[in-house]
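Residue-level structural notes
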Amino acid sequence: MRTVRTSRTAGAARTSRTVRKAREPHWDNVRFLSGTLVLVGHVIEPLGHIDGLRWLYITSWAMRVPVFVVLAGYFSSAGPLGRRELRQLTEAVLAPYLLIGLLHTLQLRLLEGHWKFFTSKPAWGLWFLLSLFVWRLLLPYLAVLRRPLTTALAAALAVGYLDDFTHTFSASRTVAFLPFFLLGWKLRQGLADELLRTSWSRNAAVAVLGTAAVAGWFLRYDIDTSWLGMQTPYQDTVSFAPAWAWGLRGAVLVCGTLIALSFIRLVPKRRLPLVTYLGAGGLFIYLLHPLVLRVVFHFAGLRWVGPWPEQLAVLVFACVLAVVLASAPVRWLARPLVQPRLPWLYAPEPEPPGGGQLAPRAPQSTHDTEPDAVRPADAEPTGSAPPRR
């Protein structure tokens, strides 16, 4: 027995080491950079009257949330949702939504003196978790469609005509950003594999981002930021005939897809000092930064921001805050909120026929052991691909 235990222990240790080594630096890099850009976007959003910062906000939009949603789809499995999958999804997505929403409630009570509970209308930034929960539940059903991407795109364009699809339960964003989620899932199935690896695609990606930067400068005041959020009905955001409003959202989705894929293509695939390490905390950046920014805006504000040195100081502050939130100490402290464990909530798994023990299931992803992984590989990158469908 001792030999067997030692062998199993050694095997488990080797498996654990293999899992840790299997992380793909490319996706850690993408996750940290996109998470940092989300933070930067929220910092400079109130400064939309300043030319340079408004240009940065509009130009970097597709590199922020759309990339985060693509990553969520890339590392999602379309397999059936059994007991373990539903438990993991609840612990990694739904529980953080409720716990961090409660923190927002307490923070508003302390800072502003009133109670505001976030249930049907998500707190700042938490719409992503609520939408992710719905996307993961729908993915096994969408995966059996002949053209899931086309179906999702049609739904995203049509939902703008429905006045009832607004902020409640993040309904409008859930449908509008669904094409990005399915795009990520399709990429994992092999869509555009060669395209994202060929040398000429690097030059094409540079051209796309360069064109977006130039166009963003000239159109910075012509682009309504509500178009990018895609959570408001067409009748409230367009000034032309509503019958053609779908074309505007279609253009946003197409441009967002091209820019997001170009960004992912240009992010280095090799391990980068500090950036790759901090990539494991990408979800911490996303979920925790609104709590910090609310305090900063309440006590310091941004009225002092004027000339370019002050604008640069704001950007430096945002980048430093991203590094801090992705650091190991913060991840350790915030893990009970971002990645809670709730064994007391679930009934024990039934034993298989014959009274034997259930065989331990191998982790579906290399990120199952990481604090910011949305298991089973729902929103955080992995090193090993799930079964393709």
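Residues numbered from 1 in each chain as written. Predicted model: local features only at pLDDT ≥ 70, side-chain atom pairs only at ≥ 80, totals over all residues. Heavy atoms only, no water.

**Quick word on the overall build of the protein**
- When helices and strands are counted, the protein shows 16 helices and zero strands.
- Relative to its 389 residues, the protein shows a buried fraction of 50%.
- Counted over contacts in the protein with a minimum sequence separation of 6, partners at least 24 positions apart contribute 83%.
- Put simply, the protein shows about 19300 Å² of open surface, and 66% of that area lies on carbon and sulfur atoms. (Helix = DSSP H or I, 4+ residues; strand = E, 2+ residues; numbered from the N terminus. Buried < 20%, exposed > 50% of the residue type's maximum accessible area, 1.4 Å probe, protein only. Contact = heavy atoms within 4.5 Å. Areas by Shrake-Rupley, 256 points an atom, 1.4 Å probe, with all protein chains shown as cover.)

**Structural notes on helix α5 (residues 83-112)**
- End to end, α5 covers 41 Å across 30 residues, agreeing with the expected 44 Å (1.5 Å per residue, within 8%).
- Along α5, the sharpest kink reaches roughly 35°, centred on Thr 90.
- Gly 113, located one to two residues past α5, shows a positive phi value of around 80°. (Expected span 1.5 Å × (residues − 1). Bend = angle between axes of the 7 residues up to and from the residue.)

**Topic: unusual backbone geometry**
- Of note in the backbone geometry, Phe 169 takes a positive phi value of approximately 50° without being a glycine.
- Tracing the sequence through the fold places Phe 169 in the loop between α7 (148-158) and α8 (171-176).
- For Ser 170, which is not glycine, the phi torsion reads 55° and is therefore positive.
- With respect to the helices, strands and loops of the structure, Ser 170 is situated in the loop between α7 and α8.

**Things to note about the packing of aromatic side chains**
- The tally for this structure, following the rule as stated, stands at 14 aromatic pairs.
- Summarising the aromatic geometry, the rings of Trp 127 and Phe 177 are spaced 5.3 Å apart at their centres and angled 40° between planes, so their arrangement reads as tilted. Linking Trp 127 in helix α6 (residues 127-142) with Phe 177 in the loop between α8 and α9 (178-188), this pair joins segments that are 50 residues apart in sequence.
- Taken together, the ring pairs connect Phe 68, Trp 127, Phe 128, Trp 135, Phe 177, Phe 180, Phe 181 and Tyr 286 into an aromatic cluster.
- Between the NZ or CZ atom of Arg 220 and the centre of the ring of Trp 217, over which it lies, the distance is 3.9 Å.
- Here the guanidinium or amino end of Arg 331 rests over the ring plane of Tyr 277, the centre of that ring lying 5.5 Å away. (Phe/Tyr/Trp six-rings, centres within 6.5 Å; stacked < 30°, edge-to-face > 60°. Lys NZ or Arg CZ within 6 Å of the ring centre and 35° of its normal.)

**Describing a nonpolar patch on the surface**
- Nonpolar side chains collect at one region of the surface, where Leu 102, Leu 103, Leu 106, Trp 115 and Phe 117 lie side by side and expose about 500 Å² of accessible area between them.
- Assignment of secondary structure puts Leu 103 in helix α5. (Patch = residues over 30% accessible without salt bridge, like charges linked within 9 Å, V, L, I, M, F, W, Y side chains within 5 Å. Salt bridge = Lys/Arg side-chain N within 4 Å of Asp/Glu carboxyl O.)

**Quick word on the pattern of salt bridges**
- Scanning all chains against the criterion turns up three salt bridges.
- Arg 31 serves as the salt-bridge partner of Asp 28, at 2.6 Å between the closest nitrogen and oxygen. Remark: Arg 31 and Asp 28 occur in helix α2 (residues 25-44); sequence separation between them is three residues, near one turn of the helix.
- On the accessibility criterion, Asp 28 (3% relative accessible area) is buried.

**Some thoughts on the nonpolar core**
- Counting 97 residues, the largest nonpolar core has Phe 128, Trp 135, Phe 177 and Phe 181 as its most contacted members.
- Aside from chain neighbours lying at most four places away, what touches Phe 181 is Val 69, Ala 72, Gly 73, Ser 76, Leu 132, Trp 135, Arg 136 and Leu 139. (Core = buried A, V, L, I, M, F, W, Y, C linked by side-chain atoms within 4.5 Å.)

**Things to note about helix α14 (residues 282-299)**
- Compared with the 26 Å implied by 1.5 Å per residue over 18 residues, the 26 Å span of α14 between its first and last C-alpha is a close match.
- Within α14, burial applies to Gly 282, Leu 283, Phe 284, Ile 285, Tyr 286, Leu 287, Leu 288, His 289, Pro 290, Leu 291, Leu 293 and Arg 294.
- Immediately downstream of α14, the backbone of Gly 301 shows phi near 70°, a positive value.

**Digging into the confidence of the model for the protein**
- Mean pLDDT over the protein stands at 85; residues scoring 70 or higher make up 85%.
- Ignoring residues within four places in sequence, the model shows residues 1-21, a span with pLDDT below 50, making two contacts including any to other chains.
- Note that residues 362-389 has pLDDT below 50 and, in this model, 97 contacts with residues that lie over four places away or in other chains. (pLDDT = per-residue confidence, 0-100.)

**Examining the packing of α7 against α9**
- It is the contact of α7 with α9, at a shortest axis distance of 8 Å, that shows an interaxial angle of 165°. By the criterion of interaxial angle, the relationship of α7 to α9 is roughly antiparallel. In this structure, α7 meets α9 at a crossing whose hand is left-handed. Here Pro 148, Leu 149, Ala 152, Leu 153 and Ala 156 of α7 come into contact with α9, specifically with Leu 178, Pro 179, Leu 182, Leu 183, Trp 185 and Lys 186. (Axes fitted to C-alpha atoms, helices over the stretch in contact; angles between N-to-C directions. Parallel < 35°, antiparallel > 145°, perpendicular 65-115°, else oblique. Left-handed = near helix turned anticlockwise from the far one by under 90°.)

**Let's talk about the environment of Leu 108**
- By secondary structure assignment, the location of Leu 108 is in helix α5.
- Judged by relative accessible area, which is 6%, Leu 108 ranks as buried.
- Along the primary structure Leu 108 and Arg 294 are separated by 186 residues, whereas in three dimensions their C-alpha atoms are 8.8 Å apart.
- Residues contacting Leu 108, with those up to four places away along its chain left out, are Gly 113, His 114, Lys 116, Phe 118 and Arg 294.

**Brief notes about the side chain of His 104**
- Position of His 104 among the secondary structure elements: in helix α5.
- Setting aside its immediate chain neighbours within four residues, His 104 contacts Phe 118, Ala 123, Trp 124, Leu 126, Pro 290, Leu 291 and Arg 294.

**Details of the packing of α2 against α14**
- For the pair α2 and α14, interaxial distance at closest approach is 9 Å and the crossing angle is 20°. In this view, α2 runs roughly parallel relative to α14, as classed from their interaxial angle. For α2 against α14, the interelement crossing comes out right-handed. In contact with Arg 31, Phe 32, Gly 35, Thr 36, Val 38, Leu 39, His 42 and Val 43 of α2, α14 contributes Gly 282, Leu 283, Ile 285, Tyr 286, His 289, Leu 293 and Phe 297.
- Looking at the contact of α2 with α14 residue by residue, the class counts come to nine nonpolar, five polar and one charged. (Nonpolar A, V, L, I, M, F, W, Y, C, P; charged D, E, K, R; others polar.)

**Side note on the environment of Gly 282**
- Tracing the sequence through the fold places Gly 282 in helix α14.
- A relative accessible area of 0% places Gly 282 in the buried class.
- Note: C-alpha distance between Gly 282 and Ser 34 (248 residues apart in sequence) is 8.1 Å.

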